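One letter stands for each residue in the lines below.
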Amino acid sequence: MKNIILFAIIMGVGMAGALLPADRTWAESLNLEGASVEELSRLAWDALHRADYPALETVFEAAVRMYEPQAMTLHSSLSDFPPRAKIDDYKLMNEVAAVYFVRLEGLRMQGRTDEAVALAQAIIKQYPYSQSWDASRGGYWSIAEKSQIIMDQLTGVAEQREEAARNAPLTR
């Protein structure tokens, strides 16, 4: 009996997307107003992985509307990366910055270069000390540093650096 109930629940969840009207995205079907910042970050990554860019925009807008003021307040107290022992105190700021980064990746994937560069600049300026946990590597990565790398790729700066390195004299 438990297996039948579990199967029905799984099928119900799996079929939910198929029951949405064609003009509604999966994120629009959710009630994002009560969502935690962690949930919004997870939903943003999910939308990116599914290339559901309208859903990604919906999640981004919700995260900014609900959590950016608090994130900016937290950021204003920093002059460097927070110590590891205090990183949880900045979780909200880090999650908001992560949603920004996910949107940056979405813009890049869509070929919206000018918007992606502008967003990368905003991330670097607004959240220079934000970090995201990478469970696969067991460590944090800097959202601003990764945004800088993407911006350099999009603007050709990375290619110019590589060319200069190739043309540099081997000895001095």
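Residues numbered from 1 in each chain as written. Predicted model: local features only at pLDDT ≥ 70, side-chain atom pairs only at ≥ 80, totals over all residues. Heavy atoms only, no water.

1. Notes on the overall build of the chain
Selection criterion: Put simply, DSSP H or I for four residues or longer makes a helix, DSSP E for two residues or longer makes a strand, and each gets a number counted from the N terminus. Buried residues are those whose accessible area, probed at 1.4 Å on protein chains only, stays under 20% of the maximum for their type, while exposed residues exceed 50% and partly exposed ones sit between those limits. Contact definition: two residues touch when any of their heavy atoms are within 4.5 Å.
For the chain, the count of helices and strands is seven helices and two strands. Going from the N terminus to the C terminus, the chain shows its helices and strands as α-α-α-α-α-β-β-α-α. Taken over 172 residues, the chain has a buried fraction of 36%. Long-range contacts, defined here as pairs at least 24 residues apart, represent 64% of the contacts in the chain between residues at least 6 apart.

2. Considering the pairing of strand β1 (residues 131-134)
Using the following cut-off: Any two strands with at least two DSSP-identified bridges between them are counted as paired.
Two strands pair when backbone bridges link them, and β1 and strand β2 (residues 139-142) are joined in this way by four bridges, in the antiparallel orientation. Bridging across to β2, D134 finds its partner in G139.

3. A word on the packing of aromatic side chains
Our working rule: Each Phe, Tyr or Trp ring (for Trp, its six-membered ring) is paired with any other whose centre lies within 6.5 Å, and the angle between the two planes then decides the class: stacked below 30 degrees, edge-to-face above 60, tilted in between. Ring-over charges, as used throughout, are those where CZ of Arg or NZ of Lys falls within 6 Å of the ring centre and within 35 degrees of the ring normal.
Summed over all chains, the structure comprises six aromatic pairs. Seen in terms of ring centroids, F60 and Y100 are 5.0 Å apart; in terms of plane orientation they differ by 80°. Their pairing is edge-to-face. In this pair, F60 is assigned in helix α3 (residues 53-76) and Y100 in helix α4 (residues 91-109), connecting sequence segments 40 residues apart. For F60, a relative accessible area of 9% translates into the label buried. An aromatic cluster of at least three residues, connected via ring pairs, comprises W45, F101 and W141. One residue, R103, lies across the ring of F60, its end atom 4.6 Å from the ring centre.

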